[in-house]
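The primary structure of each chain is shown beneath.
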Amino acid sequence: MTTSIKYNNVTKIKPIDWATIDTLIFHLPTAFSDQQIELHALSEQIIELRETYCTGTEHWRDTNAEGQTPKLYIIHHINTNCPLHGRPEPGKRIRTYIGSKREKIAAAQAAIERGQQYETAMAELKRKHQDIERGAYNLHQIYWALRLDLPIKSNRQEENHDSA
Ligand SMILES: [Zn+2]
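Structural notes, computed from the coordinates. Just so you know, these numbers come straight off a predicted model, no measurement behind them. (Residues numbered from 1 in each chain as written. Predicted model: local features only at pLDDT ≥ 70, side-chain atom pairs only at ≥ 80, totals over all residues.)

Quick notes on the overall build of the chain
Helix and strand content of the chain: four helices and three strands. In the chain, which comprises 164 residues, the proportion classed as buried is 10%. Taking as baseline every contact in the chain between residues at least 6 positions apart, the subset at least 24 positions apart corresponds to 53%. (Helix = DSSP H or I, 4+ residues; strand = E, 2+ residues; numbered from the N terminus. Buried ≥ 20, exposed ≤ 12 C-beta atoms within 10 Å, placed from the backbone. Contact = placed C-beta atoms within 7 Å.)

Focus on the nonpolar core
Of all hydrophobic cores here, the largest spans 12 residues; its members are Leu42, Tyr53, Cys54, Ile74, Cys82, Leu84, Ile94, Ile98, Ala108, Ala111, Tyr118 and Ala121. Sort the elements by how many residues they give to this core and helix H3 (residues 102–145) lands first, with four residues. Apart from residues lying up to four places away in sequence, Ile94 is in contact with His76, Cys82, His85, Gly86 and Pro88. (Core = buried A, V, L, I, M, F, W, Y, C linked by C-beta atoms within 7 Å.)

Notes on the sheet that holds strand S2 (residues 71–75)
A sheet is described by the order of its strands in space; here three strands give the open sequence S1-S2-S3, paired in antiparallel fashion. The two strands at the open ends of the sheet, each matched to only one other strand, are strand S1 (57–61) and strand S3 (95–99). The mean angle between the axes of side-by-side strands here comes to 30°, regardless of whether they run parallel or antiparallel. Pairing geometry for S1 and S2, over five bridges, is antiparallel. Within S2, the position partnered with His59 by the bridge is Tyr73. Relative to the sheet, H3 contacts S1, S2 and S3, its axis offset from that of S3 by approximately 140°. (Pairing = 2+ DSSP bridges. Axes fitted to C-alpha atoms, helices over the stretch in contact; angles between N-to-C directions.)

Some words on the packing of helix H2 (residues 18–50) against H3
Between H2 and H3, whose axes approach to 9 Å, the crossing angle comes to 150°. When the axis of H2 is compared with that of H3, the two are roughly antiparallel. H2 and H3 meet at a crossing whose hand is left-handed. Contact with H2, carried on its side by Gln35, Glu38, Leu39, Leu42, Ser43, Gln45, Ile46 and Leu49, involves Arg114, Gln117, Tyr118, Ala121, Met122, Glu124, Leu125, Lys128, His129 and Ile132 of H3 and no other residues of that element. Looking at side-chain class alone, the contact of H2 with H3 contains nine nonpolar, five polar and four charged residues. (Parallel < 35°, antiparallel > 145°, perpendicular 65-115°, else oblique. Left-handed = near helix turned anticlockwise from the far one by under 90°. Nonpolar A, V, L, I, M, F, W, Y, C, P; charged D, E, K, R; others polar.)

Some remarks on the environment of His140
Structurally, His140 can be placed in helix H3. In this structure, the C-alpha to C-alpha distance between His140 and Leu150, residues 10 residues apart in sequence, is 7.8 Å.

As for unusual backbone geometry
The phi angle at Asp62 is positive, at roughly 60°, despite the residue not being glycine. Locating Asp62 in the fold gives a position in the loop between S1 and S2. Accessibility expressed as a C-beta count within 10 Å gives 12 for Asp62, which makes it exposed.

From the geometry alone we can't say anything about function, so treat these as descriptive.
Below, the structure written as structure tokens:
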């Protein structure tokens with residue numbers, strides 16, 4: 001911009017990098033809507049997994065016993081609920097017998113696998129949520145830095161108003 005060139009020559013103040021500012025502003029709406037789409041996809045994945053995952057781990061019995069077929073149990077941590085296998089007594093753990101039938105074993109293993117997917121998706125969702133919150137906070141900071149009036153009432157102001 002020509003105005004900045006003029007005052008930079010007069011004042012010897014470092015020129016402002018308008019090209020970078022323009023580029024950052026240009027990409028911002030897409031960057032935020034992409035984040036929103038990703039957050040939405042993660043929530044969908046979590047909803048899909050929510051009722052059908054297992055929080056336990058595999059535990060095999062009779063793997064070396066002569067004349068016995070190996071049997072699968074699912075062991076859960078103490079005081080840990082499982083959407084599939086229920087809620088333990090206080091201080092206890094849920095132990096679920098699966099047995100040796102191939103289909104039952106495959107179903108149990110798939111549920112444990114979904115449990116790991118659920119954990120990963122939840123961690124990713126929390127991280128992304130924090131990123132977006134931090135991004136939103138920084139957007140507010142831009143307005144404060146430039147001494148602009150906020151075009152909207154922020155949530156924080158609303159909360160303060162409600163509690164007053
Ligand atoms: Zn379970």
